[in-house]
Amino acid sequence: MTTQTTSSLFVPEIFSRWLESRGLIYQLLVDFYGRNPSLSLVAQWSRNQKISVAADMTEGGRELKRYLCSQEPSALPQICERENLEYMRLMNERAASTIIAREAAELGREQEFSNVLSDVYASAGIVFKKCGGEADDHISIELEFMAVLHERMLHNSFSIRSAMELLEIQESFLEEHLLKWTPQFCERLNAATDSPLYLGLSHMLQEFLPYDLQMLRAWKASLESSAAAMA
């Protein structure tokens, strides 16, 4: 059985759940790593019915679902106040105890390394409007790059060839950037916090990125087989 997601590309059912969920997972990670957990943000995700399917793809996702979706509305302001303080302690680059969520800092590279990422984004035709002045190698920007490419791949009308091009950009970006530094970042985050929110996010990131690369490779092989069969 196959599921059609665009006018010219059929997706085998084995990949459907992953494709339908990965954009939501990337967006959740972008939202919470990229800004403080405001009341509106927490309420938005705690009421999102789609989070159940996406969350069940990883144990970290299930942790987040249990935490975010089990709260009474009256408890959310206090939770947000506590998690806001934790966000500032962990993610504020000017704080002494900060965990700098940037590839250059994690891998010991020069600050100018963010220019390399800027070129990668530009080559894919993507320019980010950064409300908070984030560097191009900040975790939220790198994750958003993946989210944007996913949306292009999933919702645009394309051929197998163009699908492969978008897929290969994502595969390379995971291999050459995100998976080179986020494992260490997550280990340090796990050791630095007891927050259910940030532990859940860290565990989700640790589990999901390798799985996403595995699924991209498997789908690429499936597309190559389809293309060969039609040749």
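Being a predicted model, the structure only gives us computed values, none of them experimental.

Rules and cut-offs
- Residues numbered from 1 in each chain as written.
- Predicted model: local features only at pLDDT ≥ 70, side-chain atom pairs only at ≥ 80, totals over all residues.
- Heavy atoms only, no water.
- Helix = DSSP H or I, 4+ residues; strand = E, 2+ residues; numbered from the N terminus.
- Buried < 20%, exposed > 50% of the residue type's maximum accessible area, 1.4 Å probe, protein only.
- Contact = heavy atoms within 4.5 Å.
- Areas by Shrake-Rupley, 256 points an atom, 1.4 Å probe, with all protein chains shown as cover.
- Axes fitted to C-alpha atoms, helices over the stretch in contact; angles between N-to-C directions.
- Parallel < 35°, antiparallel > 145°, perpendicular 65-115°, else oblique.
- Left-handed = near helix turned anticlockwise from the far one by under 90°.
- Nonpolar A, V, L, I, M, F, W, Y, C, P; charged D, E, K, R; others polar.
- Phe/Tyr/Trp six-rings, centres within 6.5 Å; stacked < 30°, edge-to-face > 60°.
- Expected span 1.5 Å × (residues − 1).
- Bend = angle between axes of the 7 residues up to and from the residue.
- Salt bridge = Lys/Arg side-chain N within 4 Å of Asp/Glu carboxyl O.
- pLDDT = per-residue confidence, 0-100.

### A few points about the overall build of the protein chain
No. 1: Counting its secondary structure elements, the protein chain contains 10 helices and 2 strands.
No. 2: The helix and strand sequence of the protein chain, counted from the amino end, reads β-β-α-α-α-α-α-α-α-α-α-α.
No. 3: In the protein chain, buried positions account for 49% of the 231 residues.
No. 4: A separation of at least 24 residues holds for 69% of the contacts in the protein chain among residues at least 6 apart in sequence.
No. 5: By element, 52% of the accessible surface of the protein chain is carried by carbon and sulfur atoms, the whole surface being about 11200 Å².

### A closer look at the packing of helix H1 (residues 13-34) against helix H2 (residues 39-46)
No. 1: As a packed pair, H1 and H2 sit with axes 11 Å apart at the nearest point and diverge in direction by 160°. When the interaxial angle is binned, H1 and H2 end up roughly antiparallel. Relative to H2, the crossing made by H1 is left-handed. In contact with Leu24, Gln27, Leu28, Asp31 and Phe32 of H1, H2 contributes Leu41, Val42, Gln44 and Trp45.
No. 2: Of the residues contributing to the contact of H1 with H2, the split by class is 6 nonpolar, 2 polar and 1 charged.

### Some words on the packing of aromatic side chains
The geometry of two aromatic rings is summed up by the distance between their centres and the angle between their planes.
No. 1: In total, this model carries 10 aromatic pairs according to the counting rule given.
No. 2: Between the aromatic rings of Phe15 and Trp18, the centroid separation amounts to 6.2 Å while the plane-to-plane angle is 65°, which identifies the pairing as edge-to-face. A residue pair is termed a helical-turn pair when its members lie 3 or 4 positions apart in one helix, as Phe15 and Trp18 do in helix H1 at 3 residues.
No. 3: Look at Trp18 and you get buried, because its relative accessible area is 1%.
No. 4: Judged by centre distance (6.1 Å) and plane angle (50°), the ring pair of Tyr121 and Phe173 falls under tilted. Residue Tyr121 is found in helix H7 (residues 114-123), and its partner Phe173 is found in helix H9 (residues 160-192); the two are separated by 52 residues along the sequence.
No. 5: Among the aromatic residues, those joined into a ring-pair cluster are Tyr121, Phe128, Phe145 and Phe173.

### A look at H1
No. 1: Relative to the 32 Å expected for 22 residues at 1.5 Å per residue, H1 spans 32 Å between its end C-alpha atoms, a close match to the ideal helical length.
No. 2: At Ser21, H1 shows its largest kink, close to 30°.
No. 3: The buried count for H1 comes to 16 of 22 residues, which makes it a mostly enclosed element.

### Brief notes about the pattern of salt bridges
No. 1: What the rule picks out here adds up to 13 salt bridges.
No. 2: With a shortest N-O distance of 3.1 Å, Glu59 and Arg62 are connected by a salt bridge. Of this pair, Glu59 and Arg62 both sit in helix H4 (residues 59-69), 3 residues apart, roughly one helical turn.
No. 3: On the basis of relative accessible area, Glu59 is assigned to the partly exposed category, the value being 33%.
No. 4: Among the salt bridges present, the one from Lys220 reaches Glu171, with a minimum N-O distance of 3.4 Å. Taken as a pair, Lys220 in helix H10 (residues 196-230) and Glu171 in helix H9 lie far apart in primary sequence, 49 residues in all.
No. 5: Each of Glu168, Glu171, Glu175, Arg217 and Lys220 takes part in one network of salt bridges that share partners.

### As for the packing of helix H5 (residues 76-91) against H9
No. 1: Relative to each other, H5 and H9 sit at 130°, their axes nearing to 12 Å. Relative to H9, H5 is oriented oblique. Crossing geometry of H5 relative to H9 is assigned as right-handed. Within the contact between the two elements, H5 uses Glu86, Arg89, Leu90 and Met91 and H9 uses Phe185, Leu189 and Ala192.

### A closer look at the environment of Ser226
No. 1: Tracing the sequence through the fold places Ser226 in helix H10.
No. 2: Along the backbone, Ser226 and Ile160 are 66 residues apart, and their C-alpha atoms lie at a distance of 8.6 Å.

### Some words on the confidence of the model for the protein chain
No. 1: A residue-level look at the protein chain finds 89% of positions with pLDDT of 70 or above and a mean pLDDT of 87.
No. 2: Across residues 1-8 the pLDDT falls below 50, and counting only partners more than four positions away or on other chains, this stretch makes 22 contacts in the model.

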